[in-house]
Amino acid sequence: MTPRQILLLIPAMFFSAVVFPQEILTPAEKLNFEQVSSYTDLSAYIRQIDAQSDLVSIEKTGSSVKGREINALLFSTSGFGRDAGKIRVLIFAQQHGNEQSGKEGALLLARELIRPENRYLFDRIDFALIPQINPDGSEVNKRRNANDADLNRNHLILTEPETMALHNFFDKYRFEVTMDVHEYSPFGDDWVTAGFRKNSEVTLGTTTNLNVPEKIRMFSQNKALPFLFNFLGNRNFSCFTYCPGDPPGNGYIRHSTFDINDGRQSFGIQSTLSFIQEGMNGKDDYTDNLKKRAQGQMTGMRGLLEFVFLNKKEVIKITGRERQLLMSGKANPVISVQSEHIGNGQVLNLPVFSYKTGMDSMVKATDYRPVVSSLKDVVRPTGYLIPDKLYEIMEWAGRHNFEMREYLPGRADVIQEYTILKTDSIDFEGDIVLNPFVEIREYPAVQLAGKYVFIPTAQIKGTLIALGLEPASMLGLVTYKRYRHLLKIGEVYPILRIK
Ligand SMILES: [Zn+2]
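It should be emphasised that the depicted structure is a prediction, and the values quoted were computed from it without experimental measurement.

Engineer: I tried to follow helix α8 (residues 214-234) on my own but got confused; where do I start?
Structural biologist: Each turn of an α-helix holds 3.6 residues, which means side chains three or four residues apart point in the same direction. Along its 21 residues, α8 runs 29 Å from first to last C-alpha, staying within 8% of the 30 Å computed at 1.5 Å per residue. Bending of α8 peaks at approximately 35 degrees at the position of S220. Residues of α8 that are buried: I216, R217, S220, A224, L228, F229 and L232. Here the buried face of α8 lies against β7 (202-206), β8 (239-241), α9 (265-268), β10 (273-280), α10 (290-310) and α11 (312-327).

Engineer: What's the story with the nonpolar core in this structure? I'm lost.
Structural biologist: As a rule of thumb, soluble globular proteins bury nonpolar side chains together. Counting residues in each nonpolar core, the largest one holds 110 residues, and the members touching the most others are V89, I91, A110, L129, M301, L304 and V308. Among the elements that make up this core, the one with the highest residue count is α10 (8 residues). For this core, the domains that each give at least three residues are domain 1 (3-327) and domain 2 (381-498). Beyond its immediate sequence surroundings of up to four residues, V89 is in contact with I125, F127, F175, V177, L305 and V308.

Engineer: Before we go on, may I ask you to explain the environment of A294 in this structure?
Structural biologist: Tracing the sequence through the fold places A294 in helix α10. Among the residues examined, A294 registers 27 C-beta atoms within 10 Å and is labelled buried. Spatially, the C-alpha atoms of A294 and Q100 are 8.3 Å apart, while their sequence positions differ by 194 residues. Setting aside its immediate chain neighbours within four residues, A294 contacts S101, E104, G105 and L108.

Scoring rules and cut-offs
Residue numbers restart at each chain and count upward from 1, following the sequence in its written direction. Given that this is a predicted model, residues contribute local features only at a pLDDT of at least 70 and side-chain atom pairs are listed and counted only at 80 or more, while totals for whole chains, interfaces and linings are drawn from all residues. Numbering of helices and strands starts at the N terminus; helices are DSSP runs of H or I of at least 4 residues and strands are runs of E of at least 2. In this analysis, the expected span of each helix is defined as 1.5 Å times one less than the number of residues it contains. Across the chain, bend at a residue is computed as the angle between axes fitted to the seven residues ending at that point and the seven starting from it. With C-beta atoms placed from the backbone, a residue counts as buried when 20 or more other C-beta atoms lie within 10 Å of its own, as exposed when 12 or fewer do, and as partly exposed for counts between those limits. What counts as a contact is two residues whose backbone-derived C-beta atoms lie within 7 Å of each other. The nonpolar core criterion groups buried Ala, Val, Leu, Ile, Met, Phe, Trp, Tyr and Cys residues into a set whenever they are joined through C-beta atoms within 7 Å. What marks off one domain from the next here is an automatic or database domain assignment.

Structure below.
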């Protein structure tokens, strides 16, 4: 240690010993975790954190249906987003209002991060923390927002103010790393009947959609997740892979989900290192065991920051390269529009709590489907043409901040037009969705009649655009009621492709 470093340490020691505000308590802490932090108390608390630390500022990302503010705490030593050498990380919690511990963990984390001993993180990281995406749901401990929408199924159509706020905020800073914080409940009847329940305090998953670049998926899976499991394990939290599904013997368990309408894949598809963390909810879906739950969530989030700090260069390199490929139109030309979870012979040893013995145990899940396999691919087009009178699609494009422009036909452009021959249905993670059969016809753009707006796929949301607009996409707009009318049997699909 140089004399200069020692000199630098003195104020830090002074701070931690004398001024450092150990006495700041989160609203739930003040209530001994017998109640959750209310919106009003949360708002006051984050202002207190802001006032205590030169690292912190608050940015309003938007408002909920009922007009409550959705705020982000920004941690930066250099003016948030201004230093291109810093890596940008976003953690957001409580899209589901009845999953309280994500918010409580985020509030604990905010205090943790302004401690002098954690300041080193911000030499490399600009960090944004949104403790509560769904304040209206939280206030009444309900999963959905005040429009009765499930926000974590809204990231493609983006019709709710809460998800719009989140995506606008993401678009503004283009975070390289994101984490979406939830809770799972293992207390359902199907598990009681099975005689056991999952009992990991924290579960973690990453992107599995095949259209998220393989390098990003592999790096997240093989490097980030093992680090996080260790980080949590070393701090005495039991943790496991995020693997939704039915109790073994009663259905299958899959490794994660691959829809892009959630808070993880919708950012992953933009070549972001993207994670989901799910703590175990309380027995009452509310305050039961809240302190421990909040600490587990906080520890996982803290672990992510540590991982990013240690691997900053590599993460920037991987996400930077993949984003460059997307923006230059050189990303993988094959886009999987339908896929399924399949087994590979692997048996999952699932840690559970046995209701019979009252003890921790392991259950073997033989119908485990850890692999996502493509059922139908399309070739990535140069872009899509939207009839300028198709207002609902134009509005959708606007909500996503897509780059678009009026289309002036190029002499060499080839138009591809789908005709819908028939539709049947396909099982998608237990949901039955529409499965159209299409025929494609090509013609030169000079024959095109009518006015169109061009949405190029050479942009960071290029793959998301294709997944949204392809008629046979099982993740696409036409699988939502409000857009289903775009598919008419025997007719032309109004959205065209440019080859
Ligand atoms: Zn959730």
